[in-house]
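Listed below, chain by chain, are the residues.
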Amino acid sequence: MKILVTGGAGYIGSHTCVELLKDNYDVVVLDNFSNSCQEALNRIQRLANKKLSFYKADLLESPSVRQVFKDHKIDAVIHFAGLKAVGESTCIPLKYYHNNLTGTFNLLSIMGEFNVKTLVFSSSATVYGDPSTLPITETFPLSATNPYGRTKLMIEEILQDLHTSDKDWNIALLRYFNPVGAHESGELGEDPQGLPNNLMPYISQVAVGRLPRLSVFGADYDTPDGTGVRDYIHVTDLALGHIRTLPKLAEKPGVVIYNLGTGNGFSVLEMINGFEKASGQKIAYQVTDRRPGDIAACFADASKAKRELNWEAGKSLDDMCKDTWNWQKKNPIGYRTQPKEE
Ligand code: NAD
Ligand code: UDP
């Protein structure tokens, strides 16, 4: 089976490509390197000891996307490509709407032209807004509080409409909770450009001495220790969730929706402690004001994915911290530690 992976050079995409190749899928990656680089692709192929096909192309440019479908008989698409920084999306919303929505429109129309109607879409727990109870099931009400979240919500609705109009489409909406960690080899990981927005890369950059201290955004939430609680999931578990989704789509289920999380919530202070234990490094931090837009707590009910996909997250908080630290130590300045082109 041949899978097109859009955004396959990125953080989650790169880990998914390794698992796809290991599982003997043929892999074609399309990425414009707006938030990634060639070195990630080199390493995917080294780790899997297999080749993939690569197109440096932008989803906004239909002719180059069409070329991929002309060159390859694609069976299914895993669509990771998109811009993902919540804060940035509030400053440059049009860029987010254009890239994420128009990019997806182009992809979907070209898939339609070539009669490729099987899609896995990277959605996010952000579509649940501020949930009134926990854990969150797939049937919870949806809302979004920022342009990034709205792109996810809008694309989910567009994909539902597409299936309503044409029942040949089979689509999985995978709602990720908080992906963290890195490949156990330390060769692949998250490589944020500039100051990290997310907790785990921030902690690991403090640990490695790139940043002086972490700001803990609020210690007065209604949570056991007052700091924000999230459902952190190891990126390799997340990657495997995509692999388990492909046979489900082959059953032609229409639109299916799954939470991909562990079902456990950890606070910011628990994450700091976990990282200190796994790395042996002290994490300097100070408590500051809440970050605007943040919610107190969010964790998944992931039982539907277990029931229907036979998937559940296997890795512990210790694995997440150890693997992040291993990646950070080996690659203190990310992929730029290595030459970008082979
Ligand atoms: P990432 O930025 O590491 O990967 C996205 C990739 O898409 C990058 O390699 C980038 O170069 C590429 N890309 C972006 N726009 C493109 C375009 N127009 N044409 C071609 N390539 C393009 O992000 P990630 O963390 O791997 O996230 C992957 C997907 O999962 C995204 O859609 C993101 O919104 C979603 N998601 C991520 C998280 C998270 O915390 N990382 C959580 C929930 C959902
Ligand atoms: N957080 C923090 N300091 C940071 C980054 C994040 O205290 O520098 C907190 C944030 O308030 C939230 C948790 O860590 O409670 C996870 O934040 P992240 O941005 O990683 O994920 P999201 O809030 O999008 O779920």
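One can find the structure itself at the top, above this paragraph.
Calculation rules
- Residues numbered from 1 in each chain as written.
- Chains lettered and ligands numbered in written order.
- Predicted model: local features only at pLDDT ≥ 70, side-chain atom pairs only at ≥ 80, totals over all residues.
- Heavy atoms only, no water.
- Near = heavy atom within 4 Å.
- Polar contact = N/O pair within 3.5 Å; in protein donor to acceptor, adjacent residues only side chain to side chain.
- Areas by Shrake-Rupley, 256 points an atom, 1.4 Å probe, with all protein chains shown as cover.
- Helix = DSSP H or I, 4+ residues; strand = E, 2+ residues; numbered from the N terminus.
- Nonpolar A, V, L, I, M, F, W, Y, C, P; charged D, E, K, R; others polar.

> Can you walk me through the site of ligand 2 in this structure?
Not every one of the 15 residues close to ligand 2 is listed here, only the nearest: S215, F217, R230, R291 and D294. Between a nitrogen atom of ligand 2 and a main-chain N or O atom of S215, the distance comes to 2.7 Å. Here R291 contributes a side-chain N or O atom positioned 2.7 Å from an oxygen atom of ligand 2. Expressed as a share of its isolated accessible area of 510 Å², the protein-covered part of ligand 2 is 88%. When contributions to the shell around ligand 2 are tallied by element, the ones reaching two or more residues are α7 (199-207) and β8 (214-217). In terms of residue count, the dominant contributor to the shell around ligand 2 is β8 (four residues). Residues of the shell around ligand 2, tallied by class, amount to seven nonpolar, five polar and three charged.

> Would you mind going over the site of ligand 1 with me for this structure?
Taken together, 27 residues are adjacent to ligand 1, and D31, N35, S36, K84 and Y148 come closest. S34 has a polar backbone atom sitting 3.0 Å from an oxygen atom of ligand 1. Measuring from an oxygen atom of ligand 1, one finds a side-chain N or O atom of N35 at 2.7 Å. Surface burial for ligand 1 is 95%, taken as the share of its 820 Å² of free accessible area covered by protein chains. Breaking the shell around ligand 1 down by element, the ones donating at least two residues are α1 (11-22), β2 (26-31), β5 (118-124) and α6 (147-165). At three residues, the largest contribution of residues to the shell around ligand 1 is made by β5. When grouped by side-chain class, the residues that make up the shell around ligand 1 number 12 nonpolar, 11 polar and four charged.

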